[in-house]
Amino acid sequence: MAQVEREQDPGELPYRAHNIPKLGFAEYWYPIVTSRELKAKPKGVRLLGRDIVIYRDAGKLYALDDRCPHRGVKLSLGECLYKGTGTISCPYHGWTFDGANGKLVAAIMDGPEAPITRKVTIRHYPIREHAGMIWLWGGETEPSRLEEDIPEWIADQQTFFSMPMYTDYACNWRWLVDNWGNDQHAQYVHRKSPELFFQPQLPFNLTIEPKPLPNGRGMAFKRIGGVTSAEFPGLGRFPNNEWWRFMKPRGRGNIRGFENSKAHKVYGIPNQSEVWLPGMVLVGRLHGEYALVQLAVPIDENTTRCFNINNFRRTGKLVEWFDRLHYYLWRGWAHDRIFSDQDKVLLEAVIPGPERLSKSDLGVIAWRKFMGSNARRPPGLKEAARDVA
Amino acid sequence: MAQVEREQDPGELPYRAHNIPKLGFAEYWYPIVTSRELKAKPKGVRLLGRDIVIYRDAGKLYALDDRCPHRGVKLSLGECLYKGTGTISCPYHGWTFDGANGKLVAAIMDGPEAPITRKVTIRHYPIREHAGMIWLWGGETEPSRLEEDIPEWIADQQTFFSMPMYTDYACNWRWLVDNWGNDQHAQYVHRKSPELFFQPQLPFNLTIEPKPLPNGRGMAFKRIGGVTSAEFPGLGRFPNNEWWRFMKPRGRGNIRGFENSKAHKVYGIPNQSEVWLPGMVLVGRLHGEYALVQLAVPIDENTTRCFNINNFRRTGKLVEWFDRLHYYLWRGWAHDRIFSDQDKVLLEAVIPGPERLSKSDLGVIAWRKFMGSNARRPPGLKEAARDVA
Amino acid sequence: MAQVEREQDPGELPYRAHNIPKLGFAEYWYPIVTSRELKAKPKGVRLLGRDIVIYRDAGKLYALDDRCPHRGVKLSLGECLYKGTGTISCPYHGWTFDGANGKLVAAIMDGPEAPITRKVTIRHYPIREHAGMIWLWGGETEPSRLEEDIPEWIADQQTFFSMPMYTDYACNWRWLVDNWGNDQHAQYVHRKSPELFFQPQLPFNLTIEPKPLPNGRGMAFKRIGGVTSAEFPGLGRFPNNEWWRFMKPRGRGNIRGFENSKAHKVYGIPNQSEVWLPGMVLVGRLHGEYALVQLAVPIDENTTRCFNINNFRRTGKLVEWFDRLHYYLWRGWAHDRIFSDQDKVLLEAVIPGPERLSKSDLGVIAWRKFMGSNARRPPGLKEAARDVA
């Protein structure tokens with residue numbers, strides 16, 4: 001029945017063609033909260049539609065299914081009763097689980113020799129702390145090495161430092177991924193964003209030429225042609241009357257000449273902008289000393305945690321403090337709030353249904369196809385996926 | 001499945017017998033907001049379960065399906081980018097639609113020569129501004145002439161002027177229509193309403209004789225017999241102990257002698273009270289200089305917009321100002337709030353299920369039958385309706 | 001379909017095995033509100049998933065289905081128009097029902113001789129006021145005698161007096177019953193409750209030996225063995241570091257030596273703690289002058305009204321006033337709020353699903369089985385129940 005409904009749902013059709021799951025690709029690392037949010041107390045989170053409890057003990061991190069198999073209470077209401085053992089105890093009868101393997105190591109109300117001890121195991125999840133975020137692996141296979149799965153800007157915290165924050169969107173994760181990098185909405189949606197104030201209109205009507213990254217993790221998009229102004233017959237110019245655009249392009253707005261930029265020539269960065277699996281966009285600068293990574297974390301069918309990770313090249317303590325100050329005073333507000341929320345309002349207002357794709361969606365189409373063919377899948381499912389696609 | 005459920009739902013049975021749809025009769029004009037609510041910005045509304053965007057441009061009104069067919073975003077979050085062209089632009093990639101015919105006239109991000117231009121059309125709805133309200137035609141057939149579909153009190157703004165307001169009820173539209181004019185609830189529900197304070201009890205236990213209006217648009221109900229007091233064996237009198245009813249009937253309470261009234265004799269008004277398709281009640285006065293029209297607008301299955309339209313005969317500027325003042329100081333409160341909300345509380349507390357109709361429902365039964373036989377329906381459906389009824 | 005779903009729902013399995021219904025055992029008396037809550041106006045309540053209106057008239061109580069069969073409005077919005085007749089009138093057209101038998105005695109808008117009078121009957125429910133509570137019988141069979149169905153502490157208000165209060169839990173009633181008396185959660189969940197402050201840890205790892213009560217209404221549980229401290233290998237002691245437990249056991253914490261207590265020897269109370277059908281726990285004191293009764297009232301599938309009924313032996317006016325003061329200043333807060341809400345937080349966080357029962361659940365298992373075999377059921381259903389179990 002549920003299968004039938006899904007097949008008939010016109011909003012699912014474009015994703016079903018590439019077997020892109022509603023609840024997200026599971027065989028990936030996802031950041032779930034910032035480091036500072038996970039304090040001494042266990043914390044209940046959701047990822048890929050599952051309830052998970054995460055906790056710290058003696059400097060280590062643990063993640064378990066957030067339901068005690070005894071009588072069903074959430075473990076995240078419990079506590080780490082035995083500090084230093086990596087265990088969490090259920091608040092109801094003290095069933096105590098080892099976070100390292102999910103094994104029941106004590107059923108306190110049953111006493112030390114309880115026969116049930118070690119006979120029950122719940123699912124545990126690989127968990128990491130990195131770059132100021134707690135990362136979870138929701139897949140069924142062995143986890144990949146986190147540092148190989150994410151852009152160097154976040155992976156290599158010796159060379160860079162990251163400032164992460166997130167906002168929850170009330171929509172499916174695929175709306176966010178469709179919206180990123182590969183799509184030509186920014187030129188329209190964000191044209192009056194404070195981040196681009198006083199700058200020229202971003203070029204639109206581009207021809208997008210997707211090129212897969214050599215590491216197989218994503219794509220870059222070559223932008224060919226494009227105009228910054230056009231006359232629409234019977235309507236008028238776009239953009240119109242923008243006398244206030246007197247500045248030269250800078251920051252995000254500076255998207256021409258990457259081949260001759262410091263980023264490319266000095267730092268050897270191959271592309272200014274890239275899209276990565278499972279749902280990430282990287283947007284750099286010509287000076288090569290900053291890049292933003294946005295990452296869509298599927299919480300459940302109708303909730304997505306959008307991480308905005310601001311990454312700076314370490315070029316000395318003084319510059320680092322300036323970067324942080326600049327983030328708090330300007331960028332954190334101008335991008336992570338205003339710019340990003342311009343997308344949020346629209347994506348939360350999507351009414352799923354049939355689509356009519358056009359030239360501006362060439363990147364979207366290419367990226368969906370890339371995801372369908374290249375996303376990691378649990379063994380066995382990969383073949384099934386091919387059948388459907 | 002849905003069909004089966006509907007057939008088994010005892011709350012649907014009385015309406016199914018006459019093929020009275022849950023979401024309302026579509027082939028009619030409905031007021032949706034007051035004129036002053038529709039300003040420069042487009043506005044999203046719901047009617048008959050559909051999302052519709054309405055907007056003004058250069059003094060004209062437009063109404064379109066409130067979903068961009070490109071990627072599904074609500075057009076009502078967009079703007080009229082090209083003033084004077086009657087178009088609205090989607091906030092996501094600037095797909096621009098002509099409100100006059102629903103045609104895509106530009107996909108801004110794709111540039112002026114985009115091949116998709118004019119190849120996509122969305123549904124547009126006939127829209128009118130009249131008597132201080134914005135009216136929409138939600139049907140599939142050619143719209144009727146609005147002025148012929150509504151009582152002269154609203155249609156002829158040379159002779160009358162209208163003061164509209166509305167309240168949203170959290171219930172199906174049919175509960176409101178069942179409740180009006182044709183029903184004998186007012187004598188009970190509103191017997192202590194401020195509008196009827198100090199006046200005699202309205203007569204109850206009437207025999208209702210329905211007579212179709214000559215224009216085919218509704219019915220009047222001849223009220224035969226009735227008492228203003230009765231002794232119920234084993235219980236007592238109804239009403240009881242109402243020493244405070246010392247006034248003579250006036251206003252709404254004055255329902256005897258319409259044949260000899262000024263309304264009838266001088267102004268030639270045929271009935272004091274009438275019910276009209278698709279779901280409207282008109283209640284006049286003996287002096288013939290005022291009539292209230294209540295209109296049930298189906299928003300979705302469980303929401304109905306109840307318009308209270310107060311209509312006054314234009315008899316000179318001074319009287320008009322007095323009428324407006326009187327409305328603001330007394331009638332707007334006494335009827336449109338207190339009196340009307342007495343119904344709202346009850347109708348929102350209806351638990352759908354089987355009914356037991358009786359003498360007081362003769363008008364309800366007649367009116368349901370009238371609706372079933374006389375309501376406009378899209379071509380093709382009319383016959384199907386007969387089969388069911 | 002619904003049947004299939006229920007069979008597949010792993011959270012229902014343990015209850016289905018004993019035919020313990022989601023909406024509660026109907027053939028019992030349940031308190032629904034406190035006496036002081038039911039004033040002159042009728043009140044709508046829910047019990048066993050049904051909407052019921054209760055009202056007082058001339059010192060008598062009445063309970064009827066809270067839906068007028070005429071046009072579906074809730075009777076609880078109506079009023080007792082004819083004081084002293086035991087009737088309630090629907091707010092819509094004045095259909096008036098006799099609370100004693102549910103008969104329609106007048107349809108006011110149809111006048112005194114309305115043919116429909118006495119031809120319509122709605123369901124009426126046995127209702128009682130006792131010990132400061134309003135009790136309803138939701139069953140289809142003849143009601144039992146209330147006083148025989150409940151513990152003497154509440155039944156015999158000559159010897160005892162009761163102080164009831166309640167809290168609504170957002171969960172199914174069975175979670176509460178599983179949680180009571182028969183279960184070994186208190187030693188863990190409530191170990192830091194103010195009611196047990198400074199007292200020794202309650203013994204855990206008990207072997208529970210259920211013994212049915214001679215009256216067939218419930219069970220007592222013999223507690224064998226148990227420890228107040230234990231070393232868990234690789235973890236540590238439970239409880240740990242509790243230097244502040246310097247008091248001797250008292251009140252609820254005093255659970256040893258009931259055989260030699262005043263309660264048993266002087267007052268002849270057989271057990272300190274008992275569980276009763278349909279879902280009640282009684283917890284007494286060694287001095288035999290106080291007992292708490294907690295009672296789970298099924299409102300609907302996901303709501304349970306938890307009554308905490310504090311019962312005191314009448315031993316003179318002065319002591320009674322002291323008891324009341326003590327309740328208001330200490331016990332009402334320490335137990336009915338803090339202690340009881342410790343359960344509420346957990347039970348509302350239950351995620352229904354498969355269970356893994358263990359030694360601490362021996363009482364739960366015994367009690368479910370007892371309920372399945374001994375609960376009153378409507379005639380005809382008893383056999384069906386056996387088939388399933």
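Residues numbered from 1 in each chain as written. Chains lettered and ligands numbered in written order. Predicted model: local features only at pLDDT ≥ 70, side-chain atom pairs only at ≥ 80, totals over all residues.

1. Points about the overall build of chain A
Summing up its helical and strand segments, chain A has ten helices and 18 strands in all. Here the C-alpha atoms of chain A give a radius of gyration of 23 Å, agreeing with the 21 Å that 2.2 N^0.38 yields for 389 residues. Each of the three principal axes of chain A carries a C-alpha extent, and together these read 80 × 60 × 35 Å. Counting over 389 residues, chain A shows a buried share of 45%. Of all intrachain contacts in chain A linking residues separated by at least 6 positions in sequence, the fraction that spans at least 24 positions is 59%. (Helix = DSSP H or I, 4+ residues; strand = E, 2+ residues; numbered from the N terminus. Rg over C-alpha atoms; globule rule 2.2 N^0.38 Å. Buried ≥ 20, exposed ≤ 12 C-beta atoms within 10 Å, placed from the backbone. Contact = placed C-beta atoms within 7 Å.)

2. A few points about the interface of chain A and chain C
Each side of the interface is counted separately: chain A has 27 residues, and chain C has 28 residues. Among the elements that line the side of chain A that touches chain C, the one with the most residues is strand 7 (residues 104-107) of chain A, at three residues. Each residue belonging to the side of chain A that touches chain C can be placed in one class, and the counts come to 15 nonpolar, eight polar and four charged. (Nonpolar A, V, L, I, M, F, W, Y, C, P; charged D, E, K, R; others polar.)

3. A closer look at the interface of chain A and chain B
Taken residue by residue, the interface counts 28 residues in chain A and 27 residues in chain B. At the level of elements, helix 6 (186-189), strand 11 (204-212), strand 13 (230-232), strand 14 (236-238) and helix 8 (317-347) of chain A are the ones that each hand at least two residues to the side of chain A that touches chain B. Grouping the constituent residues of the side of chain A that touches chain B by class yields 15 nonpolar, nine polar and four charged.

4. Section: the relation of the copies chain A and chain B
Turning chain A through 120° and shifting it by 0.2 Å along the axis lays it on chain B, with an RMSD of 0.1 Å. Accordingly, the operation relating the two chain copies is best matched by a three-fold axis. (Least-squares fit on C-alpha atoms with pLDDT ≥ 70 in both.)

5. A word on the sheet that holds strand 2 (residues 43-47) of chain C
Residues and elements named next belong to chain C. The three strands are arranged 2-3-4 in an open sheet whose pairing can be described as antiparallel. Only two strands of the sheet have a single partner each, and these edge strands are strand 2 and strand 4 (60-65). Each adjacent strand pair in this sheet contributes to an overall mean axis angle of 35°, direction not counted. Examined bridge by bridge, strand 2 and strand 3 (residues 50-57) share five bridges and lie antiparallel to one another. The partner of Gly44 across the bridge, within strand 3, is Val53. (Pairing = 2+ DSSP bridges. Axes fitted to C-alpha atoms, helices over the stretch in contact; angles between N-to-C directions.)

6. Things to note about the nonpolar core
One finds Ile54 and Leu136 of chain A, Ile54 and Leu136 of chain B together with Ile54 and Leu136 of chain C to be the most contacted residues of the largest nonpolar core, which totals 284 residues. Ignoring any residue separated from it by four or fewer positions in sequence, one finds Leu136 of chain A in contact with Tyr30, Ile32, Leu47, Ile52, Ala63, Tyr125 and Ile127 of chain A. (Core = buried A, V, L, I, M, F, W, Y, C linked by C-beta atoms within 7 Å.)

7. Considering unusual backbone geometry
Peptide bonds are trans in most cases, and residues, glycine excluded, mostly fall at negative phi. Between Leu277 of chain B and Pro278 of chain B the backbone carries a cis peptide bond, its omega angle lying at 0°. Counting through the fold element by element, Pro278 of chain B comes out in the loop between strand 15 (273-276) and strand 16 (280-284). Cis geometry marks the peptide bond from Phe238 of chain C to Pro239 of chain C, where omega comes out at -10°. Considering the arrangement of structural elements, one finds Pro239 of chain C in the loop between strand 14 (236-238) and helix 7 (262-265). With a phi angle near 70°, Arg118 of chain B is a residue other than glycine that sits in the positive phi range. Here Arg118 of chain B shows up in the loop between strand 7 (104-107) and strand 8 (127-130). Arg118 of chain B gets classed as exposed once you count the C-beta atoms within 10 Å, which come to 12. The phi dihedral of Ala131 of chain C falls on the positive side, at around 55°, and the residue is not glycine.

8. Describing the environment of Glu142 of chain A
Here Glu142 of chain A lies in the loop between strand 9 (133-137) and helix 3 (146-149). Through-space distance from the C-alpha of Glu142 of chain A to that of Glu27 of chain A is 8.5 Å; in sequence the pair is 115 residues apart.

9. Remarks on the domain arrangement of chain A
Residues and elements named next belong to chain A. Partitioning chain A into structural domains gives domain 1 (30-129) and domain 2 (147-388). Each of domain 1 and domain 2 was reduced to a C-alpha centroid, and the two centroids are 36 Å apart. Facing eight residues of domain 1, the contacting portion of domain 2 comprises eight residues. Counting residues per element, the ones that place at least two in the side of domain 1 that touches domain 2 are strand 1 (29-34) and strand 2 (43-47). Here the side of domain 1 that touches domain 2 is built from residues that sort into five nonpolar, two polar and one charged. (Domains from an automatic or database assignment.)

10. Digging into the environment of Lys43 of chain C
Residue and element names in this part refer to chain C. With respect to the secondary-structure elements, Lys43 resides in strand 2. Residue Lys43 is classed as partly exposed on the basis of its 17 C-beta neighbours within 10 Å. For the pair Lys43 and Ala349, spaced 306 residues apart in sequence, the C-alpha separation works out to 30 Å.

11. Topic: the pairing of strand 7 of chain A
Each regular strand shows side chains that alternate between the opposite faces of the sheet. Residues and elements named next belong to chain A. Relative to strand 7, strand 6 (residues 95-98) runs antiparallel, the two sharing three bridges. In the sheet register, Phe97 faces strand 7, and the bridge partner there is Leu104. The hairpin formed by strand 6 and strand 7 contains five residues between the paired strands, and Gly102 there has a positive phi angle of roughly 80°.

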